[in-house]
Structure formats: structure tokens, C-alpha cells
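A closer look at the structure
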Amino acid sequence: MDCIFCKIVTNTIQAVKVYEDAEFVAFLDIHPVRPGHTLVVPKVHYARFDVTPPEVVAKLWQVAQKVAAGVSRATQADGYNISINNGRAAGQVIWHTHVHIIPRVSSDGLDLWPQSEYQGSEAERVAQAIRQAIKIS
Ligand code: 5GP
Ligand code: ZN
């Protein structure tokens, strides 16, 4: 399969690995938001988060929590952002499920989430639609 992360898993292409077990590998992002920016991937290929089996998702987040603790300690971070970009509109460019861990310090000046306000009944309308959708999913 023509997937960069599958090739990293099999060592067909190089990456700076920081953790590996039977099912997951973690390596430095080649274009870090901040030094230590790490990606955690399942060794089995799933194109995106929403098609990744729930049991893999559960283990992926357990591994990500452990790797994040190491990233945080090693980079003397005050915190970290941990996230998945699911789908092109969300910024996903590599179609192999992966968790981003981005170590943060209070003084780093990054502002990742421009936020807005709900108007009128918009919050209740969108919440109702989400409640319904969760029921049928
Ligand atoms: P996405 O936008 O899909 O959530 O994130 C993909 C990430 O993979 C990007 O942050 C990008 O810098 C990183 N990346 C892309 N190609 C490579 C590569 O060949 N090696 C490594 N280590 N990271 C990569
Ligand atoms: Zn893959």
C-alpha cells in the first residue's frame, strides 16, 4: 500500500521513533509545531479515525497518554495538545490514523483555537441535531 506511515511502521522509510510495541509506534513529526511534536500510529492501516475499530481506538489513546507523559517530561513542557485530524476539512493529509502530541509551554505564544459565540437558539438547535445523530450512529 502506498502509505507513508505504513512504510514507517515497516522501516521502509526512516523516522525518528520514540516508542514501539507490538501494535503501535510513535515517532517525531517531520514538520513539528514545536520540538518534540510526536505522532502515535497503529501498525495496522486505518485511513481515518472514524473507521478505526473501537478496540484499537481504546488502546491507541492508552499508548498516546503514556507517550505524551514522556514527551511532556522530556521537553519540560507545562502541558500538551493531543488531537486527531479526522478528514480533509479538519486538516488530515496522511490517510493513516494518527494522534498528534504537541508539547506546550505557557510562553510559546501559540493560539490554536479561534473561538466564536452562539447566536439566539443556535446552540439548542445544533445540540438537538447532535443528540439525534448519536442515537442512530
Ligand atoms: P495530519 O495533518 O494528517 O493530521 O498530520 C500528518 C502529519 O504527518 C503532519 O504534521 C506532517 O508533518 C507529518 N508527516 C508527513 N509526512 C511525514 C513523514 O514522512 N515523516 C514524518 N515523521 N512525519 C510526516
Ligand atoms: Zn498506512
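See the structure printed just above.
The paragraphs below set out a description of the structure included in this document. Only a predicted model underlies this, so the values are computations on that prediction, with no experimental measurement involved.

Conventions used here
Residue numbers run consecutively from 1 along every chain, following the written order of its sequence. Each chain takes a letter, starting from A, and each ligand takes a number, starting from 1, following the order in which they are written. Under the rules for a predicted model, residues below a pLDDT of 70 receive no local features and side-chain atom pairs below 80 are neither given nor counted, while totals for whole chains, interfaces and linings still include all residues. Water and hydrogen atoms were dropped before computing side-chain values, which therefore reflect all heavy atoms in the structure. The nonpolar core is taken to be a set of buried Ala, Val, Leu, Ile, Met, Phe, Trp, Tyr and Cys residues, with the residues joined through side-chain atoms within 4.5 Å. Partly exposed describes any residue whose relative accessible area lies between the buried limit of under 20% and the exposed limit of over 50%, with all areas from a 1.4 Å probe on protein chains only and scaled to the type maximum. Under the scheme used here, helices are H or I runs from DSSP no shorter than 4 residues and strands are E runs no shorter than 2 residues, and both carry numbers assigned from the N terminus. The contact criterion used is simple: two residues touch if any of their non-hydrogen atoms lie within 4.5 Å. Any Lys or Arg side-chain nitrogen found within 4 Å of a carboxyl oxygen on Asp or Glu counts as a salt bridge. Listed donor atoms are N, O and S within 2.8 Å of the metal (Na, K and Ca: 3.2 Å). As water is not included, a site may look incomplete. By the criteria applied here, four donors are tetrahedral when all angles lie between 85 and 135 degrees, four are square planar and six octahedral when opposite donors are over 155 degrees apart and every other angle lies between 65 and 115, and any other arrangement is irregular.

Observations regarding the nonpolar core
Counting residues in each nonpolar core, the largest one holds 13 residues, and the members touching the most others are Phe-24, Val-40, Leu-60, Val-63, Val-67, Val-99 and Ile-101. At the level of elements, strand E2 (24–28), helix H2 (54–74) and strand E5 (99–104) are the ones that each hand at least two residues to this core. Ranked by residue count, the leading element in this core is H2, at seven residues. Look past the residues within four positions of Leu-60 in its chain and what remains in contact with it is Phe-24, Val-40, Pro-42, Thr-97 and Val-99. Phe-5, Ile-8, Phe-27 and Val-41 belong to the second-largest nonpolar core, a separate cluster that totals 10 residues.

So, the pattern of salt bridges
This structure, assessed with the given rule, holds seven salt bridges. A salt bridge links Glu-20 to Lys-43, with the shortest nitrogen-to-oxygen separation between them at 2.9 Å. Separated by 23 residues along the polypeptide, Glu-20 in strand E1 (residues 17–20) and Lys-43 in the loop between strand E3 (38–42) and H2 bring together distant segments of the chain. The exposure class of Lys-43 is partly exposed, given its relative accessible area of 23%. Via salt bridges that share partners, Arg-34, Arg-104 and Asp-108 belong to a single interconnected network.

Let's talk about the coordination of the zinc ion (ligand 2)
Taken together, Cys-3 (SG), Cys-6 (SG), His-45 (ND1) and His-96 (ND1) make up the protein donors of the zinc ion (ligand 2), found 2.0 to 2.3 Å from the metal. Taken together, the four donor atoms surrounding the zinc ion (ligand 2) define angles of 106 to 116° at the centre, an arrangement classified as tetrahedral. Look at where the donors of the zinc ion (ligand 2) fall in the sequence and you get C-x2-C-x38-H-x50-H. Placement of the pair is His-45 in the loop between E3 and H2 and His-96 in the loop between strand E4 (79–83) and E5, with a sequence separation of 51 residues. A relative accessible area of 23% places His-45 in the partly exposed class.

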